[in-house]
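Below are the chains, spelled out letter by letter.
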Amino acid sequence: MIEVLIFATLNGLVTGLLLFMLASGLTLIFSMMGVLNFAHASFYMLGAYFAYSISLYLGFWPALIVAPVLVGLLGALIERYGLRRVHKSGHVAELIFTFGLAFLIEEAVQFFWGRATKDYRSPDLLDFPLFTLFGQNFPAYKAFMIFISIAIFIGLYFVLTRTRIGIIIQAAITHPHTVANLGHNVPLIFMAVFGVGTGLAGLAGVIAGPVLTTFPGMAMVLGSIVFVIVVIGGLGSLAGALVASLLIGLLQSYAIASDVGMPDLLAWLGISFERDHPLNDIWRLTLPQVAPILPYLLLVLVLIFRPSGLFGKRES
Amino acid sequence: MSILQLQGLHKQFGNTPIIRDVSLKIAAGEKHAIIGPNGAGKSTLFHLITGRHTVSSGSILFKGQPIHNRPPYEIARLGLARSFQVTNIFPLLSVFENIRCALLWSQGYKYSFWHLLGKAKALNTRTEELLVEIGLQERRNLPAGELAYAEQRALELGIAIASGAEMILLDEPVAGMSHSEAKNAVELINRVTAGKTLVMVEHDMNIVFDMADKITVLVYGEIIASDVPSKIRGNAKVQEAYLGEVVEEHSHA
Amino acid sequence: MLKYVSWALFAVALIVLPQIFTSILSVSILNQMCIAIVFALSYNMLLGQGGMLSFGHAVYFGLGGFMAVHALLAIENEQMMFSVTLIPLVGGLFGLCAALFIGSFSTHKAGTVFAMISLGVGELIAASSLILVSFFGGEAGVSGDRTYGPPFLGFDFAQNIEVYYLAAAWLFLATVCMYLFTQTPAGRMANAVRDNPERAEFIGYSARRVRFISFIFSGFFAGIAGGLFALNYEILTEQNLNAVTSGNVLLMAYIGGLGFFIGPIVGAIVLTLINSVLSNYTDLWLLYLGLMFVLTVMFLPRGLTGFLMMHRTPWHLGKLHLLAKPYAVTAVPGSIFVFSMVCIVEMSHSNEPTFNVFGFALDPSSFLSWGALIIIACLAFIALRRTLPSLRDAWDTANAIDTKPGVRP
Ligand SMILES: Nc1ncnc2c1ncn2[C@@H]1O[C@H](COP(=O)(O)OP(=O)(O)OP(=O)(O)O)[C@@H](O)[C@H]1O
Ligand SMILES: [Mg+2]
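Residues numbered from 1 in each chain as written. Chains lettered and ligands numbered in written order. Predicted model: local features only at pLDDT ≥ 70, side-chain atom pairs only at ≥ 80, totals over all residues. Heavy atoms only, no water.

Student: Hey, could you run me through the interface of chain C and chain B in this one?
Tutor: A common measure of how large an interface is: the accessible area buried when the components associate. Taken together, the contact between chain C and chain B spans 27 residues of the former and 35 residues of the latter. Together chain C and chain B conceal approximately 2,800 Å² of surface at their shared face, both sides included; 65% is due to carbon and sulfur atoms. For the pair chain C and chain B, the interface holds three salt bridges. Notably, a salt bridge pairs Glu198(C) with Arg52(B), separated by 2.6 Å at the nearest N-O pair. (Contact = heavy atoms within 4.5 Å. Buried area = accessible area lost by both parts, 1.4 Å probe. Salt bridge = Lys/Arg side-chain N within 4 Å of Asp/Glu carboxyl O.)

Shown next as structure tokens:
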């Protein structure tokens, strides 16, 4: 029991932190530009694929640096030549644009790399169990993921609170319209924020690719969950995104690791149903089965009862 | 009988009080002007009355009914219409549709999906009449967002008066208009609000003293005077707090 | 008058089309079109007319479709007895019920919040459909048979062409109803709320209620489309209510043009054709589709219909002919550019030793063919850019109103 709990917590932490790496970029972009970037997870996928290709020639470590930079540059270019054009047509048009972008990137990935899963592996250097608990291994690579994620947050926190650009960005988050009046080059800041945000997503892809497998559907799998997170956390709130990421990561991890379900609940309540009861499917549900839908359930509940999200101030 | 009654109204945004203990009675049929320096809280007062903002404390009675903290659409249905200081129209709809929409509820169509607008004779004639009245019949098929500024202001006014509400609140209806445009607008306002209650925020003192039966002066969220124009003109407090300054500004301009 | 003529033309087209395109394939494409048009129109009730961006519209389509298949099964098992011509109505009513429930909490706001709720609900239902096997049939889906019901005017709907005429009848009916809805107070207020929800509240309308009404009608018509799908394919799977289907209908409506009633019709027709024709020629068609969509959002925000409608002013001014030559001049390098780019893309993707274009055999392994294509593409692109300024000038001239008395400047 206890070992299940420990491993579920560790795995949940890994997922949660990974999700936050995506969610933080998404939040940053949203706070600055008001754009909910539907294609955010596609940049994450690009990160994994770029890193895969680079690692074939240069190995994992250079890829860890180069791939996110490339993704960020691509993101900045897309902001400059695509999004900015659409900006004048309003937020709905921007959302539709990024939706189309997600579609296009998925197809482009299939074009360049094919449909099959890529054999993108974690580096040999980290290919050993960090520790063994109750006969179960905890891979060093996962610890590395945790380490990278935390390092990124500390870096992000430092940049946002201690540097000039960070202070401008913060000002833009709370007073989106006033920053331009202060004479800062807002388009350039937008481009940079979009580049950094997508670069962060790319980095998440680089480190997640070996664990969550690198295949053309990987953006879809994570994309809507990341959306769920930023909405649950409250659009534009970094703290909310962190809490929601960990919440979802842990929730899913626990749900998958658990082996309880409706049958146990019914038995505990002393209720029983015939096998051919019309709602039989529901009476036989188990928690691991419903794990994939939990985030969406949570999203709908949050949006109904607290439309601005857990930490949201702005209702947009 | 007063048609609108504000009692001990307070409003604060965060910790900043914007409206402080405002009490006011407006009689049915009165033409009432609210004046005050920029940022005094005039628009906020309108927002409170029409349900755009909730009140922090105090009450608002319209025809004896409490209306504070009720949603705008319920207040509008009671017969209280308003215009906005910042033009607030339906930009993609044609000018004609803008006016027609403003008429729909008062003509009893509610949320109907079983009436065809094209077949609604009375509704369409009334819309045409209003278009003529606000002088936009030439522009009837143009999307409202493409109108010139003064035309948008006229439309803004048209939407407010369309429903024929008993009480109309106009927030700086002639701001930004040229002299002749403003004159036309004032005539229009006089015409369509005949027999109705009008509350108007306006910075142009000539118009205010011309039109108003009563003037309320709001400064820093407080009413410092509320009286007939002749008394307001002589009121020392008003002179000091407000009028002197404005008269000076006008003479410079 | 013009209105009645267009409706009559629409009806005639629906009747005549399968007589012109008689092959089995074309009838099946026509069936798809009927379904897609109803679905896209119902989507536009939300996005184009009501300003609600939905990422989960397939929910109502799929739920309606599943219910319709269950109705077919009930007829087959003789638990119920009614003509299968009414199956789309079953789908519609179920779509409406689902929309009643979901709309009760999701129409509170438009914009991003609405989009997110629709996404969440969509994912939730798509994922649940794999769990609730007795209604959704799991991965395999649920299938029925449309031929068991009592014959309708002697037809038992065993053949696709019979289904086509049934679908066309429903399409016509649904289109008329959706058009009429745009002409009602509720429909017009939906536009007003889309434009400015706040002001709508000050003229007596609850923005939420207005959205809700559009929302349930939209669910109803999406359900009808789902019912038509059930009749045509006799099977529904999880794919019919997942995000891909939802995305597809967004594409159709947007590419067609959101601001016009016929926009989604155009979009549905174009996309169905692309879907069925292009996919025969290349397995990269989704890539082209994605590119086309992104370019549409960037350059034609009002869609294909909007592009056509842009020409109304020159038409009224009698200056349309001024555009013919500049268009032709731009089209030549434009099509060469697109064509050579497509060749490059296809060639890099092909595994064949030779790649045939217009009788030329290109060798994907030789630098020569690559070089030639790339040079052609670059030249065409440069030429294309050269032609743009004169096209723009011609456009301005064609739209300029000559100052005549009585015409507003
Ligand atoms: N939603 C809000 N949140 C915070 N402060 C607000 C809000 N709305 C208005 N204020 C503040 O309340 C004060 C009064 O604003 P209001 O618009 O009512 O002034 P006004 O008398 O209409 O001025 P003007 O003549 O310029 O229109 C201003 O200082 C404004 O900054
Ligand atoms: Mg004001």
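Student: Any chance you could explain the interface of chain A and chain C here in plain terms?
Tutor: Facing the 41 residues of chain A at the interface are 43 residues of chain C. Per-residue buried area on chain A facing chain C is highest for Ile96(A), Phe111(A) and Asp281(A); these three make up 17% of the total on that side. Where chain A meets chain C, there are zero salt bridges. Remark: the boundary between chain A and chain C carries one residue pair in polar contact (both at pLDDT 80 or more). Elements with a contribution of two residues or more to the side of chain A that touches chain C: helix 3 (60-87), helix 4 (91-113), helix 9 (218-233), helix 12 (280-283), helix 13 (287-290) and helix 14 (294-305) of chain A. (Polar contact = N/O pair within 3.5 Å; in protein donor to acceptor, adjacent residues only side chain to side chain. Helix = DSSP H or I, 4+ residues; strand = E, 2+ residues; numbered from the N terminus.)

Student: Just to check I follow, could you spell out the site of ligand 1 for this structure?
Tutor: Residues and elements named next belong to chain B. With respect to spatial proximity, the complete set of residues near ligand 1 consists of Phe13, Ile18, Asn38, Gly39, Ala40, Gly41, Lys42, Ser43, Thr44, Gln85, Glu172 and His203. Within the side chain of Thr44, an N or O atom sits 2.5 Å from an oxygen atom of ligand 1. Against a free-state accessible area of 640 Å², the protein chains account for coverage of 61% of ligand 1. Take the shell around ligand 1: its biggest share by element is three residues, from helix 1 (residues 42-49). Across the shell around ligand 1, the residue classes tally to three nonpolar, seven polar and two charged. (Near = heavy atom within 4 Å. Areas by Shrake-Rupley, 256 points an atom, 1.4 Å probe, with all protein chains shown as cover. Nonpolar A, V, L, I, M, F, W, Y, C, P; charged D, E, K, R; others polar.)

Student: Even after reading the chapter, I still don't get the environment of His311(C), so can you show me in this structure?
Tutor: Residue and element names in this part refer to chain C. Looking at the secondary structure, you find His311 in the loop between helix 14 (303-309) and helix 15 (312-316). Look at His311 and you get buried, because its relative accessible area is 12%. Separated by 113 residues in the primary sequence, His311 and Glu198 place their C-alpha atoms 33 Å from one another. (Buried < 20%, exposed > 50% of the residue type's maximum accessible area, 1.4 Å probe, protein only.)

Student: Whenever I open this one, the coordination of the magnesium ion (ligand 2) confuses me. Can you help?
Tutor: Four donors placed tetrahedrally about a metal ideally form angles of 109.5 degrees, and six donors placed octahedrally ideally form angles of 90 or 180 degrees. All names here are of chain B. Within the protein, the magnesium ion (ligand 2) binds to Ser43 (OG) and Gln85 (OE1); these donor distances fall in the range 1.9 to 2.1 Å. Residue Ser43 is located in helix 1, and its partner Gln85 is located in the loop between strand 6 (80-82) and helix 3 (95-104); the two are separated by 42 residues in the primary sequence. For Ser43, a relative accessible area of 19% puts it in the buried group. Residue classification places Gln85 among the partly exposed positions, given a relative accessible area of 34%. (Donors = N, O, S within 2.8 Å, 3.2 Å for Na, K, Ca; no water.)

Student: In this structure, what is going on with helix 5 (residues 149-162) of chain B? I would like to understand it.
Tutor: The periodicity of an α-helix, 3.6 residues per turn, causes residues three or four positions apart to be oriented the same way. All names here are of chain B. Over its 14 residues, helix 5 runs 20 Å from end to end, which matches the ideal 20 Å to within 8%, given 1.5 Å per residue. Of all 14 residues in helix 5, 13 are buried; the element is thus mostly enclosed. Of the residues trailing helix 5, Gly164 is marked for its positive phi of about 70°. (Expected span 1.5 Å × (residues − 1).)

Student: Teacher, can you tell me more about helix 10 (residues 207-233) of chain C here?
Tutor: Residue and element names in this part refer to chain C. The end-to-end C-alpha distance of helix 10 is 38 Å, a good match for the 39 Å that 27 residues give at a rise of 1.5 Å each. Counting buried residues along helix 10, 24 of its 27 residues qualify, which places the element largely inside the surrounding structure. Positioned one or two residues after helix 10, Glu234 has a phi angle of 60°, which is positive.

Student: Hey, could you run me through the sheet that holds strand 10 (residues 222-227) of chain B in this one?
Tutor: Backbone hydrogen bonds hold the strands of a sheet together, and the pairing may be parallel or antiparallel. All names here are of chain B. With respect to topology, six strands assemble into an open sheet ordered 6-7-8-3-9-10, the strand pairing being mixed. Because the sheet does not close on itself, it has two edges, and the strands there are strand 6 and strand 10. On average, each strand axis in the sheet is tilted by 15° relative to the strand beside it, whichever way the strands run. With five bridges joining them, strand 7 (residues 167-171) and strand 8 (residues 197-201) adopt parallel strand pairing. By the bridge assignment for strand 8, Met167 is matched with Thr197. (Pairing = 2+ DSSP bridges. Axes fitted to C-alpha atoms, helices over the stretch in contact; angles between N-to-C directions.)

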